[in-house]
Amino acid sequence: MKHFLRELGADRFADYSSGSWTKAVDPVQLAVDTVGGTEGNRLLEVITPGGSLVPITWGNYDTDQAAAGQIDVHEVAMLPVTTADLDRISRLVEEGQLRAVIDRMFPLKETALAHELSESRRARGKIIIRVSSTADR
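Residues numbered from 1 in each chain as written. Predicted model: local features only at pLDDT ≥ 70, side-chain atom pairs only at ≥ 80, totals over all residues. Heavy atoms only, no water.

### Quick look at the sheet that holds strand S2 (residues 47–55)
Across the sheet, which stays open at both edges, the three strands sit in the order S1-S2-S3 with parallel pairing between neighbours. At either margin of the open sheet sits one strand with a lone partner, and together these are strand S1 (28–33) and strand S3 (72–73). In this sheet, S3 lies alongside S2 in parallel orientation, the contact comprising two bridges. If you follow Ser-52 over to S3, its bridge partner there is Asp-72. (Pairing = 2+ DSSP bridges. Helix = DSSP H or I, 4+ residues; strand = E, 2+ residues; numbered from the N terminus.)

### What to know about unusual backbone geometry
The backbone of Gln-70 sits at a positive phi, close to 55 degrees, despite the residue not being glycine. With respect to the secondary-structure elements, Gln-70 resides in the loop between helix H3 (63–68) and S3. Unlike most non-glycine residues, Arg-121 shows phi in positive territory, near 60 degrees. Residue position: Arg-121 is located in the loop between helix H5 (111–120) and strand S5 (126–130). Residue Arg-121 is classed as partly exposed on the basis of its relative accessible area, which comes to 39%. (Buried < 20%, exposed > 50% of the residue type's maximum accessible area, 1.4 Å probe, protein only.)

### A word on the nonpolar core
One finds Trp-21, Ala-31, Leu-43, Leu-44, Val-46, Ile-47, Leu-53, Tyr-61, Ala-66 and Ile-71 forming the largest nonpolar core, which totals ten residues. Mapped onto this core, the elements with two or more residues apiece are helix H2 (40–44) and S2. Setting aside anything within four residues of it in sequence, one finds Ala-31 in contact with Leu-43, Ile-47, Ser-52, Leu-53 and Val-54. (Core = buried A, V, L, I, M, F, W, Y, C linked by side-chain atoms within 4.5 Å. Contact = heavy atoms within 4.5 Å.)

Structure (structure tokens):
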């Protein structure tokens, strides 16, 4: 995992599966929750007063704990995407400044396996389900 995260540009990281990861990181002003679920409250422990928690997936956050720490917990929102946004993303991909990390691709008939991988929280990137291809016919 360390090698993978370094390739993505991480200078430092903490393994959320270790029980004491909150003690391994310095306080931060901004935390991005990519895990969701019940783990979000642990993030509140490492955010400085006046800091922010930005979830990219739905999680459970103790609003009293966040308020006591003066932490702003943002809402997950699906923002509209414009043609200009897609053009900019396309340019970033072409310039090598943005890349999608794909863990695995599954044919539609193996959707259950794709869900198992997702639920394991061990995927290193996106999981893709191919709806159809000549190989699936």
